[in-house]
Amino acid sequence: MRPSTGLAALSFWLLQIGACGFGILPGKSLNHLEITNSALLNATVQVCRRLALSVGTDFTFPPQPFTAEAVAVACSSPKSTKRFLKSIKSIKWRNVRVDLRHALNASFHFDDELFLQGRKIITTGISAVKVSNKQGNFEAAREKLGEICHPLQDFYSHSNWVEIGNQRPNPNLIRSDVSIGNIAAVTRATCRNCDGDDCTNNILQDILREKILTSGYFDVVPFLSTKPAGKCSHGGLVDQTSVIEPKGGINKDSQSSSHGHLHTVAAGLAIAATEQLLEDIRAAAGDTDFLQMLGISKGSGKALCIVMDTTGTMRDDIEAVKTVTFALVNSRVGTSDEPSVYILVPFNDPGLGPLIRTTDSALFKTQMNALTAEGGGDFPEPSLSALQLALTGAPPESEIFLFTDAVAKDGHLKSTVTALIERTKTVINFMLTGVLGRRRRRQSDEDQMTGSDVQLYRDLAQVSGGQAIEVSKSQLLEATSIITESSSFSSLVTLFQADRSPGRADDFSFLVDESVQNLTIYVTGRSLTFTLISPSGASLSSTDNTGSLGTIQSVGNFQTLRLNTQVGRWEMRLVSNNPYSLKVIGQSNIDFLFDFVETSRGTFTGFDILDSRPRAGVNGSLMLSITGGDTATVTEVALVDVSGSGEVNATVESLGGGDFLAQFDTIPSGEFMVRVKGTNTISRDSSSNFQRQSPTSLRGSNLTVISDSESVFVPGSPFIVPFIVTTGETDGNFTIRATNDKGFDSTFPTSLSLQQGGSANGTVSLIAPLNTPSGSEVTLTIEAEAPGATDTNYVVLRFSIVNMVTDFTPPVCLRNSLQSNCPETCHLSTWALSVTVTDGADGSSIGRVGLERGNGTLTSTVVTGADGVNATLVSYSASCCSPEMELVVVDGVGNVGSCFFTSRDASSGRPTPAPVSEATKPKSTRSGLLGLSMMIPLCTTWR
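Keep in mind the model is a prediction, meaning the values are calculated, not measured.

Undergrad: Got a minute to help me understand the overall build of the protein chain in this structure?
TA: Scanning the protein chain from N- to C-terminus turns up 17 helices and 41 strands. The 943 residues of the protein chain split such that 58% are buried. Sequence-distant contacts in the protein chain: of pairs separated by 6 or more residues, those separated by 24 or more amount to 73%.

Here it is in structure tokens:
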């Protein structure tokens, strides 16, 4: 469970002065962020290079030091830059969170000689990452990957692996079935006193000579120290064991640490070890899924997500949506604007789902084509349950289209859906055909979805930055065509957005910079007029259909202005007594990512990404990154009130590399959006000002909800998630809601009693059915609501469900035959190989067989042996000009084996090869990413 407020503040302080591992802030030494960033970029480059070479395409290494944008370009996926950068940041900040949430847990840092416990955290996490990737749950995979990178990296700083002369990572940290090394017995002395401040020789010579593994002990309270006699300490100002003999320490967290003279070596091994971990995960997932986990994909990098009401009155709507969707998909396939993933969530009453997620456009169209309208016995439908499923199944920052003609029967989920929208920053467009219209199956006034009924959809659209488009059924085809066409463009950015409810006359202005193309304005509302004025002074009125500035399309309550882009400041005057929304979008490579962060209250500064709303009425911080090149810089960050009543400006500090820290004196309690302004350098003598805005609305809260769980979610067993609710000035009974997107059985307190400024603890217990597939993901939203519903906050948690793994042994290869008679003129002849691959009687079966090296033809067939054990028969043939091949074999739980063969084996009389490990494989054939580190310099400049 996450530490209390006081312990959390202590944890922040500890990590900043090197108590827990490599630091997290920039400086002369390498920190966890830089180590992880280096490894991830190296890994991505290597995989993209392998893919390019496999299809005969040249690969150009990006310039060094690597950046996310340059690597995405080298991978021929420039439009994935934003998602790639977001994925890297997610992994890095989950790494840092270990120091914040588990600062005093020695197992997470390989302290106190807890080597086996530390490795268990890593290997258990690897299993979760692999099964999550297998199910396509990449967000959960990223979160767990970041978490296990931290202890893996700390091993090289906190243990004596470097001191005993190792120049390569320990490959057994990521395997459970082999020895991690010769660990010092608890009774064996490992250190002597340092010579004053000189700790370079404080590890005992017999420990070094016999290559005995040890690590430093750590504690912040002297009288609670459990350091045995003769043991090494971690060292540093906070470590109270370092003043107990033997005095000093052995950590290499920074250049100023006890063993800081070895910091560079330790950090280099940490990078190489992280690459080794990533290679194991890549081999299990395959190149394409591995890159998807990192946010790299072909096409636009966007999702096409449809949530479809399939009740009886939606027959015409379904056909209209099919027509538009199929046309859109067909026009995008094979282009740079092709969606990277397709998602479909049908809902009926009482049916819901299943969620269908695929990268295959043909399969998506087949699933769409299978939708039929039937059932739905009463008027309201479970539309919010379907939306909840889509929000947790789609990638963050997606755009979802929900089609219905009915009121939501599950309106109680509104706050949960709002929380998910805020956390995922997803845009929702509601396509509503039942407003003031009659549903066919009943003829009473109850069949009408009135304005008050649709307000829930309007509210959710407003929070997400989407539209609530109200049209007749005959208008749906046109409306859907308009909004999906504009929204499907890649590199879509929001320049400006405003909502007015109740409606009133208002003047708006927004800035268009030189990078913007396909400038478009959406106006949603009824009985309104507007006048748009361009930077040149030309105007376009709501009474015009077309003009020199562009064209206007109107359908239902929705108007679209497609404009001829002009650089400069635009103005728009809107008049209406009814609620309305205004949104300005365009295509541009300049955009931003942001997260609110929690800061320490002590002398030292540390950050943790918030899983909830920021605290209202007090100062707060926001971390943001600019995408689109190194020439863009931020000059202003503001929290803009949604109603237009004001804004809060930040003090902005550049952190380098396109990252900025925005600090606010106070966080508003009402709804607000994040606006960023900056300057983009076009040439030596020219620059352009830009403006961007977050489409999603956020708000502060006087409540805080924090939660975490170190447990493994195993089907059939209770999974306990503890949480803490803290209030400010409000007291009384607070309503608690805990909702999960899978509908798993759960128990939790429905209310907690809190005093002003007080806290209360609770737990949520979840049980997944025994037949839940390993790798399934569940999203848990825990909400706290103040008395009278005056304030709410939440925490959104994502967990992978992992069946207990008992198979830790990689598959093996047995050579059946090898036919080769290759002459000197190699292009005239071929060689052939037959191999049986098996996971053994106690294994989890073969999951995947792939060709890691070689350009011949590979086929595989599942066969059953005489012992009843399934095996895979692999046949391979290639030109004699390609004399080497390497198989990668993955079993059902993600254990990876590789086997190396050459055409020369046939004449050499060599025995059938056993599985080849990374340690014994010929260096020229190693598939590990360590080879890349040896080939090219490390990506990050060590500061």
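Undergrad: In this structure, what is going on with the confidence of the model for the protein chain? I would like to understand it.
TA: Low-pLDDT stretches of the model should not have their predicted coordinates read in fine detail. For the protein chain, per-residue confidence averages 86 on the pLDDT scale, and residues scoring 70 or more make up 89% of the total. When mean pLDDT is compared element by element in the protein chain, helix α7 (residues 205-209) scores highest at 97, while helix α17 (residues 930-935) scores lowest at 31. In the model, residues 436-447 has pLDDT below 50 throughout and makes 33 contacts with residues more than four positions away in sequence or in other chains.

Undergrad: Please explain the nonpolar core as it appears in this structure.
TA: Nonpolar side chains in soluble globular proteins generally cluster together in the buried interior. Counting 57 residues, the largest nonpolar core has Phe 84, Leu 145, Phe 155, Tyr 156, Leu 277, Phe 290 and Met 293 as its most contacted members. Of all the elements in the fold, those that place two or more residues in this core are α2 (32-54), α3 (68-74), α4 (81-101), α5 (115-134), α6 (138-158), α8 (263-285) and α9 (287-293). In this view, Phe 155 contacts Phe 110, Phe 115, Trp 161, Asn 170, Leu 173 and Leu 213; residues no more than four positions away in its chain are not counted.

Undergrad: I tried to follow the sheet that holds strand β31 (residues 751-754) on my own but got confused; where do I start?
TA: As a general point, the strands of a sheet are linked pairwise by backbone hydrogen bonds and lie either parallel or antiparallel. Strand order in the open sheet formed by four strands is β31-β29-β33-β34, with antiparallel pairing between adjacent strands. Edge positions in the sheet fall to β31 and β34 (792-800), since each has one partner strand and no second. Looking at each pair of strands side by side, their axes are set apart by 20° on average, direction ignored. Note that strand β29 (residues 732-740) and strand β33 (residues 777-785) share six bridges and pair antiparallel. Within β33, the position partnered with Ile 736 by the bridge is Ala 784.

Undergrad: In this structure, what is going on with the sheet that holds strand β40 (residues 884-891)? I would like to understand it.
TA: Read across the sheet, three strands follow the order β37-β40-β41 without closing on themselves; strand pairing throughout is antiparallel. Looking at the sheet topology across the chains shown, the edges are occupied by β37 (846-853) and β41 (896-902). When strand polarity is set aside, the average angle formed by the axes of neighbouring strands in this sheet is 20°. Sheet topology places β37 next to β40; six bridges connect them, and they run antiparallel. Following the sheet pairing, Arg 853 is matched in β40 by Glu 886.

Undergrad: I'm lost on helix α10 (residues 315-332) in this one. Help?
TA: Residue pairs three or four apart in sequence face the same way in an α-helix, which turns once every 3.6 residues. Relative to the 26 Å expected for 18 residues at 1.5 Å per residue, α10 spans 26 Å between its end C-alpha atoms, a close match to the ideal helical length. Regarding α10, the residues found buried are Asp 317, Ile 318, Ala 320, Val 321, Lys 322, Val 324, Thr 325, Phe 326, Leu 328, Val 329 and Arg 332. Here the buried face of α10 lies against β1 (303-309), β2 (341-347), α11 (361-369), β4 (399-404) and α15 (476-487). One or two residues past the end of α10 sits Gly 334, with phi positive at roughly 85°.

Undergrad: Explanation requested: the packing of aromatic side chains in the structure shown.
TA: Given two aromatic rings, one states the distance between the centres and the angle between the planes to describe the pair. Taken as a whole and judged by the stated rule, the model has 19 aromatic pairs. Measuring from ring centre to ring centre gives 5.3 Å for Phe 110 and Phe 155, while their planes differ by 75°; the resulting arrangement is edge-to-face. On the criterion of sequence distance, the pair formed by Phe 110 in the loop between α4 and α5 and Phe 155 in helix α6 is long-range, its members being 45 residues apart. Arranged with centres 6.3 Å apart and planes meeting at 80°, the rings of Phe 713 and Phe 744 form a pair that is edge-to-face. You can see Phe 713 sitting in the loop between β27 (704-707) and β28 (719-726) and its partner Phe 744 sitting in the loop between β29 and β30 (745-747), a full 31 residues away along the chain. Accessibility expressed as a relative area gives 1% for Phe 713, which makes it buried. Chaining the aromatic ring pairs together yields one cluster made of Phe 110, Phe 115, Phe 155, Tyr 156 and Trp 161. Here the guanidinium or amino end of Lys 425 rests over the ring plane of Phe 594, the centre of that ring lying 4.7 Å away.

Undergrad: I'm lost on unusual backbone geometry in this one. Help?
TA: Trans is the prevailing form of peptide bonds, just as negative phi is the prevailing case for residues other than glycine. A cis amide bond links Gly 353 to the next residue, Pro 354, at an omega of 5°. For Pro 354, the position within the fold is in the loop between β2 and β3 (356-358). The amide bond that connects Ser 501 to the next residue, Pro 502, takes the cis arrangement and shows omega of 5°. Inspection of the secondary structure puts Pro 502 in the loop between β7 (492-500) and β8 (506-512). In this structure, Phe 110 is a non-glycine residue whose phi angle is positive, near 55°. On the accessibility criterion, Phe 110 (0% relative accessible area) is buried. Of note, Lys 425 is a non-glycine position whose phi angle comes to about 55°, a positive value.

Undergrad: Would you take a moment to explain the environment of Leu 797 for this structure?
TA: Looking at the secondary structure, you find Leu 797 in strand β34. A relative accessible area of 8% means that Leu 797 is categorised as buried. Measuring from C-alpha to C-alpha, the distance between Leu 797 and Ala 140 comes to 9.7 Å, with 657 residues separating the pair along the chain. Once residues within four sequence positions are removed from consideration, Leu 797 is found in contact with Ser 707, Val 721, Val 778, Thr 779, Leu 780 and Ile 782.

Undergrad: Any chance you could explain α4 here in plain terms?
TA: Taking 1.5 Å per residue, 21 residues should reach 30 Å; α4 reaches 30 Å between its end C-alpha atoms and fits that length. In terms of burial, α4 is largely enclosed, as 17 of its 21 residues are buried.

Undergrad: Please explain the side chain of Thr 325 as it appears in this structure.
TA: Looking at where Thr 325 falls in the secondary structure, it is placed in helix α10. Of the polar contacts made by the side chain of Thr 325, one reaches the backbone oxygen of Val 321; its length is 2.7 Å. In contact with Thr 325, other than residues within four places in its own chain, are Leu 304, Ile 306, Phe 364 and Met 368.

Undergrad: What's the story with the packing of α2 against α4 in this structure? I'm lost.
TA: In contact at an axis separation of 9 Å, α2 and α4 are set at 140° when each is read in the N-to-C sense. When you trace α2 past α4, the crossing you get is right-handed. Across the interface between the two elements, His 32, Leu 33, Thr 36, Asn 37, Leu 40, Leu 41 and Thr 44 of α2 pack against Phe 84, Ile 88, Ile 91, Lys 92, Asn 95, Val 96 and Asp 99 of α4. Residues belonging to the contact of α2 with α4 are distributed by class as follows: seven nonpolar, five polar and two charged.

About the criteria used
- Residues numbered from 1 in each chain as written.
- Predicted model: local features only at pLDDT ≥ 70, side-chain atom pairs only at ≥ 80, totals over all residues.
- Heavy atoms only, no water.
- Helix = DSSP H or I, 4+ residues; strand = E, 2+ residues; numbered from the N terminus.
- Buried < 20%, exposed > 50% of the residue type's maximum accessible area, 1.4 Å probe, protein only.
- Contact = heavy atoms within 4.5 Å.
- pLDDT = per-residue confidence, 0-100.
- Core = buried A, V, L, I, M, F, W, Y, C linked by side-chain atoms within 4.5 Å.
- Pairing = 2+ DSSP bridges.
- Axes fitted to C-alpha atoms, helices over the stretch in contact; angles between N-to-C directions.
- Expected span 1.5 Å × (residues − 1).
- Phe/Tyr/Trp six-rings, centres within 6.5 Å; stacked < 30°, edge-to-face > 60°.
- Lys NZ or Arg CZ within 6 Å of the ring centre and 35° of its normal.
- Polar contact = N/O pair within 3.5 Å; in protein donor to acceptor, adjacent residues only side chain to side chain.
- Left-handed = near helix turned anticlockwise from the far one by under 90°.
- Nonpolar A, V, L, I, M, F, W, Y, C, P; charged D, E, K, R; others polar.

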